[in-house]
Each structure stands twice: as C-alpha cells, then as structure tokens.
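Reading the structure
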Amino acid sequence: MTDAAPSTRPANAADAALLQGQTPTAAPPNAATAVPAPVPPNPVPPGGPAQPDAPARVAVALPSQVADQLARIEDKASRIEDKYARSEALLGRVEDRVEAAGARMNEAARQSDLAALRSEVRALSERTRGLPGLGALMLTALVTALLTVALTLVAQRLNLQGLIPLR
C-alpha cells in the first residue's frame with residue numbers, strides 16, 4: 001500500500017490528465033456521466049520492445065502538488081494500517097480474556113455444583129449419624145428374642161394361656 005508507483009490504468013479522465021501532467025478540465029455540475037478519456041498505449045522504451053515477463057512501468061513526471069498529495073495519502077494509509085493492526089491486536093487480547101473468563105465461569109459453576117453436593121452429603125451424614133450402628137441393632141435383636149422366649153415361658157407356667165392367641 002505504500003508503493004509509490006502509479007497504476008497503469010487510471011480510474012477516470014481527471015486521473016489520466018493528472019498522470020500525464022495536464023490540468024484536468026472541470027466538468028459542468030449537471031453533467032450525467034463523464035466518458036473516460038482514451039489512455040495512450042504504453043510507449044516502447046528505446047532499445048527494443050519490453051520483455052514479456054517484466055512489468056510495464058510508465059515514467060511520468062508528476063507536479064510537486066500531486067507528489068505531495070500522494071505522499072500525504074501514503075502517510076494516511078500507513079497510519080490507517082497501523083491503527084488496523086493495533087485494533088486486531090486489541091481484539092485478539094479481548095478474545096483471549098473472554099475465553100479465560102468463560103473458563104473461569106465454567107469452573108465456578110462446577111465449584112458451585114460441588115459445594116451444593118457437599119452440603120447435601122453433609123446434611124445426609126448428619127441425619128444418619130444419629131442412627132444406631134450394627135452392634136446396637138444386633139444387641140437389640142438378641143434382647144428382643146430372649147425377652148420373647150422368657151415371657152412366653154412365664155405365661156405358660158402361670159397358666160396365662162389366654163394371653164397367647166390361638167391359631
């Protein structure tokens with residue numbers, strides 16, 4: 001974009017006139033469309049025709065105002081390119097930060113789920129902590145069986161058969 005070589009094909013008649021060193025004629029304000037001026041063919045340099053693989057260059061002497069204007073345009077274009085590069089770098093950093101924030105949010109959500117699960121397990125363990133263990137249940141079963149046998153024998157010795165239901 002900072003190449004100072006002019007294009008071989010001008011955009012309109014005014015550009016063609018400027019490149020040829022002429023002052024462009026002003027078109028009337030009510031003119032519909034300007035017809036491009038014919039561009040003369042590239043001059044053949046002395047010493048023979050141009051090589052087919054070499055690019056065709058037109059040597060044109062530009063007025064100092066045009067050269068200054070082209071230099072200012074090139075400066076502006078380079079500043080725009082620099083701003084564009086800085087914007088791309090800034091967008092890249094923003095994209096990285098957004099991805100990092102998304103990863104942190106996912107991690108926080110997982111931590112939140114784990115915290116909720118931990119609190120549920122803690123509440124369940126507190127509820128089950130008060131229940132009797134296996135030893136207490138076995139002792140209760142043994143005592144219940146022995147008391148049942150003893151009470152049945154006492155009821156038979158005292159002829160309390162009415163307490164035992166018949167089949």
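How each quantity is defined
Residues numbered from 1 in each chain as written. Predicted model: local features only at pLDDT ≥ 70, side-chain atom pairs only at ≥ 80, totals over all residues. Heavy atoms only, no water. Helix = DSSP H or I, 4+ residues; strand = E, 2+ residues; numbered from the N terminus. Areas by Shrake-Rupley, 256 points an atom, 1.4 Å probe, with all protein chains shown as cover. Patch = residues over 30% accessible without salt bridge, like charges linked within 9 Å, V, L, I, M, F, W, Y side chains within 5 Å. Salt bridge = Lys/Arg side-chain N within 4 Å of Asp/Glu carboxyl O. Lys, Arg positive; Asp, Glu negative; His and termini not counted. Charge placed at Lys NZ, Arg CZ, Asp CG, Glu CD. Buried < 20%, exposed > 50% of the residue type's maximum accessible area, 1.4 Å probe, protein only. Expected span 1.5 Å × (residues − 1).

Secondary structure assignment for the chain yields 3 helices and 0 strands. Seen in sequence order, the chain has helices and strands lined up from the N terminus as α-α-α. Accessible area of the chain: about 14900 Å², with a carbon and sulfur share of 62%.

Here we take up a positive patch on the surface. On the surface, Arg72, Lys76, Arg79, Lys83 and Arg86 cluster together into a patch of positive charge. Structurally, Lys76 is set in helix α2 (residues 64-129).

What the rule picks out here adds up to 1 salt bridge. Of the charged contacts in the structure, one is a salt bridge between Arg110 and Glu107, with a shortest N-O distance of 3.2 Å. Placement of both Arg110 and Glu107 in helix α2 is noted, with a separation of 3 residues, approximately one turn of the helix. For Arg110, a relative accessible area of 47% corresponds to the partly exposed category. Judged by its relative accessible area of 36%, Glu107 falls in the partly exposed class.

Glancing now at helix α3 (residues 134-157). Taking 1.5 Å per residue as the helical rise, α3 with its 24 residues ought to reach 34 Å, and the 35 Å between its terminal C-alpha atoms agrees with that figure. After α3 finishes, the residue Asn159 shows a positive phi value of roughly 55°.

This brings us to a nonpolar patch on the surface. A grouping of Leu62, Leu70 and Ile73 is seen on the molecular surface, where their side chains present a nonpolar patch of about 230 Å² in accessible area. One can find Ile73 in helix α2.

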